Amino acid sequence: MLKKWGVIVIDIQGDFTKWKQGSLAVPGSDENYVKSVEVATRQFKELGVPILGTQDWHSPDHISFATSHPGKRPFETIIIDGGTQALWPPHCIQGTENARVLIDNNLFLAIVKNAQDPDFENYSFFQYGKGTKTEMDTILRINGIEKVILYGIATEYCVRATSLDLLAAGYKTTVIEGLCRGVSTDAAATALDEMRCKGVRVITTPEEMIKEILQEIFDK
Ligand code: VGL
Ligand code: ZN
């Protein structure tokens, strides 16, 4: 049987975009970018591919916010539990306008949230803490998905962490670089290299993926 594709669109939320003057707007996140993500996602959906969305979803006092650490400024790092933690401007606060997912929410079968606990930061939407799974794995399984296509924001944080966890869990994982944006362009490039090295397939444009899926449909 043909292995089934699924798409995961990572954190296309106002606070990560220049378009919506987000508090953590990443380079290259204008309205055109968001529209290109929406157009590609609709094309996948029209090819019959199930789509999941994700949403960074913080409490107002989240541990990753610089404002939660007196004297610290955004983009500084601190050590928490022996690990380095980047500090961010407050962003994607539960229930605020700029925490909304900007592309048509009807495209999604479900939206998986993460980092809701004020005391823990988490970039993966597949699992958190010491390997506790989110609902993502179950949703992929009940839909028969074995091959995942991933894109969104931020390349070196949530896209990286989620794709590496998917890969480790046995999913064939493809990242569409042209639909990803990073907090730092250099760090994003390094993260993409790491993902490639570990076995993630990195492709440039959605068109390559759409061509491949169409080919599979014709070959069936
Ligand atoms: C993200 C930084 C802070 C992400 C979330 O979605 O990659 N990055 N919170
Ligand atoms: Zn966050």
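Note that the coordinates shown come from a computational prediction; the quantities given were computed from them, not determined experimentally. (Residues numbered from 1 in each chain as written. Chains lettered and ligands numbered in written order. Predicted model: local features only at pLDDT ≥ 70, side-chain atom pairs only at ≥ 80, totals over all residues. Heavy atoms only, no water.)

Asks: What's the story with the packing of helix α3 (residues 155–168) against helix α4 (residues 185–198) in this structure? I'm lost.
Replies: Any two packed helices are characterised by how steeply their axes cross, that is the angle between the axes, and by the distance between the axes. For the pair α3 and α4, the least separation of the axes is 10 Å and the interaxial angle reads 5 degrees. Here α3 is positioned roughly parallel relative to α4, judged by the angle of their axes. Between α3 and α4, the residues in contact are T155, E156, V159, R160, S163, L164 and L167 and A187, A188, A191, L192, E194, M195 and K198, respectively. Taken together, the residues of the contact of α3 with α4 sort by class into eight nonpolar, two polar and four charged. (Axes fitted to C-alpha atoms, helices over the stretch in contact; angles between N-to-C directions. Helix = DSSP H or I, 4+ residues; strand = E, 2+ residues; numbered from the N terminus. Parallel < 35°, antiparallel > 145°, perpendicular 65-115°, else oblique. Contact = heavy atoms within 4.5 Å. Nonpolar A, V, L, I, M, F, W, Y, C, P; charged D, E, K, R; others polar.)

Asks: Is there a simple way to explain helix α5 (residues 206–219) in this structure?
Replies: Three or four residues apart is the spacing at which side chains of an α-helix point the same way, because the helix has 3.6 residues per turn. Along its 14 residues, α5 runs 20 Å from first to last C-alpha, staying within 8% of the 20 Å computed at 1.5 Å per residue. Where α5 is concerned, the buried positions are P206, M209, I210, I213 and E216. One side of α5 carries all its buried residues, which in axial view fall inside an arc of 120 degrees. Projecting away from the buried face of α5 at angles above 90 degrees are the exposed residues E207, K211, F218 and D219. Contact partners of the buried residues in α5: β1 (4–10), α1 (31–46), β8 (145–152), β9 (172–176) and β10 (201–203). (Expected span 1.5 Å × (residues − 1). Buried < 20%, exposed > 50% of the residue type's maximum accessible area, 1.4 Å probe, protein only. Arc of directions from axis to C-beta.)

Asks: Just checking my understanding: could you explain the site of ligand 1 for this structure?
Replies: Around ligand 1, a shell composed of D11, F16, D56, W88, H91, Y123, I153, A154, Y157 and C158 is seen. Separating a nitrogen atom of ligand 1 from a side-chain N or O atom of D56 is a distance of 3.1 Å. Here a nitrogen atom of ligand 1 and a side-chain polar atom of H91 are 3.1 Å apart. When ligand 1 is considered free in solution it has 260 Å² of accessible area, and contact with the protein chains removes 100% of it. Looking at the shell around ligand 1, its residues break down into seven nonpolar, one polar and two charged. (Near = heavy atom within 4 Å. Polar contact = N/O pair within 3.5 Å; in protein donor to acceptor, adjacent residues only side chain to side chain. Areas by Shrake-Rupley, 256 points an atom, 1.4 Å probe, with all protein chains shown as cover.)

Asks: How should I be thinking about the packing of α1 against α5 in this particular structure?
Replies: Remark: α1 packs on α5, axes separated minimally by 11 Å, with the N-to-C direction vectors making an angle of 5 degrees. Overall, the two elements α1 and α5 adopt an arrangement that is roughly parallel. Packed against α1, whose contacting residues are A40, Q43 and F44, the element α5 presents P206, M209, I210 and I213 at the interface. Considered class by class, the residues forming the contact of α1 with α5 number six nonpolar, one polar and no charged.

So, to be careful, I would describe these as geometric facts and stop short of saying anything about function.
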